[in-house]
Every structure is written in structure tokens, then in C-alpha cells.
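Topology and contacts: notes
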Amino acid sequence: MIGQKIQDSLNAHVTAELYSANLYLAMSAYCESKAFKGFGRWLRVQYFEEVEHAHKMLDYLVARGGVPAVGAVPAPPRDFGTVLQVFEKVLDHERHVTQSIEELFRAAVSERDSAAQVFLQWFVAEQVEEEANAQEIVDKLKMVGDRSSAALYLDKEYGKRQRASK
Ligand SMILES: [Fe+2]
Ligand SMILES: [Fe+2]
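Residues numbered from 1 in each chain as written. Chains lettered and ligands numbered in written order. Predicted model: local features only at pLDDT ≥ 70, side-chain atom pairs only at ≥ 80, totals over all residues. Heavy atoms only, no water.

1. Thoughts on the coordination of the iron ion (ligand 2)
Binding of the iron ion (ligand 2) to the protein goes through Glu49 (OE), Glu126 (OE) and Glu130 (OE), at separations of 1.9 to 2.7 Å. Mapped onto the sequence, the donors of the iron ion (ligand 2) take the spacing E-x76-E-x3-E. One end of the pair is Glu126 and the other is Glu130, both in helix H4 (residues 114–144) and four residues apart, which spans about a single turn. (Donors = N, O, S within 2.8 Å, 3.2 Å for Na, K, Ca; no water. Helix = DSSP H or I, 4+ residues; strand = E, 2+ residues; numbered from the N terminus.)

2. Looking at the packing of aromatic side chains
Going through the model one piece at a time under the given rule, you end up with nine aromatic pairs. On the basis of an interplanar angle of 25° and a centroid distance of 5.8 Å, the ring pair of Phe39 and Tyr158 is categorised as stacked. One end of the pair, Phe39, is in helix H2 (residues 37–63); the other, Tyr158, is in helix H5 (residues 148–158), with 119 residues separating them in the sequence. We note Lys56 situated over the ring of Trp122; from NZ or CZ to the ring centre the distance is 4.1 Å. Note that Arg163 overlies the ring of Phe48, its terminal NZ or CZ placed 3.8 Å from the centroid. (Phe/Tyr/Trp six-rings, centres within 6.5 Å; stacked < 30°, edge-to-face > 60°. Lys NZ or Arg CZ within 6 Å of the ring centre and 35° of its normal.)

Below, the structure is given as C-alpha cells:
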């Protein structure tokens, strides 16, 4: 049986993952509206990944006999600035999510919930990847600067991203 504290934290995190999903969906549409179809595609794939993160947490809660709860998801912003600023915001957001996962993990340690610790390890590793991916795009867009041909090349490359098959 899952403890109340971990259950509440996991439920709160489900809503946070859904916010991430909607944020990236909004960013995806924004990039597409600015003719960056490739980055739009990349962010759309990221949107699906975030939805899967929420599902993963809900599945765990149910498996542990918890009471799953999906909270209200606040609306994301509409304007994200330049394409570099979009990905700087992605990186900032992922750093914030990492903090939240770390807090969850610390709660699992202090509650002596070893199953939750093992479960959350996947998310700890995932956040390393998420931050690295966002950081790489930010770094490349900074290299590109004002050179639109290079920006369009990156847009094309990142547009090749596919949804991971399960
Ligand atoms: Fe996530
Ligand atoms: Fe990921």
C-alpha cells in the first residue's frame, strides 16, 4: 500500500507532466506558425512523451493501490519569442521538472518507500536525458545566431524526430 504523502506527491506530479505536455504542444504550434515545422515536429513528439510520463505515474499509483487524481492543468503561454528563446524555456522548464522529481525521490527516501524509489529512478535518468537534449538544441541555436540558412538546416534535422515505439 502506498503512503498518503507519496500518493499526493505523485498525483501532483501527474498534473505537472500534463502541464509539460500542454506547454510543449503550445510551443510546437507556435514554432509551426513561425515556419519552423521541424522544431514544431520535435516539440510535438515531446508532447507525446510528457503524456506518457503522466500515464506512467498513474499506472504506478493504481498498481500500488493508490487513489489516482488528475488535477486541473493551467493554460500555457501563447508567445515564446525567438526559436532560441523557445528552447531556452524548454531547458528552464526541464530543470524545474528535475527539481520536482528530486523532491519526490527524497520524499520516497524519507518515507522509506523502496518501491517508489525504484520507480522514480527511471524519472531521474529521464531528466538527465531531457536536460541534455534541450541544452544541445540551445547550444546549437546559439552557434547559428542570425544565419537563417543554418537555422533552417537545424529545423530540418530536428524535424526527423520520431515517436519512440513502445
Ligand atoms: Fe516529463
Ligand atoms: Fe525524454
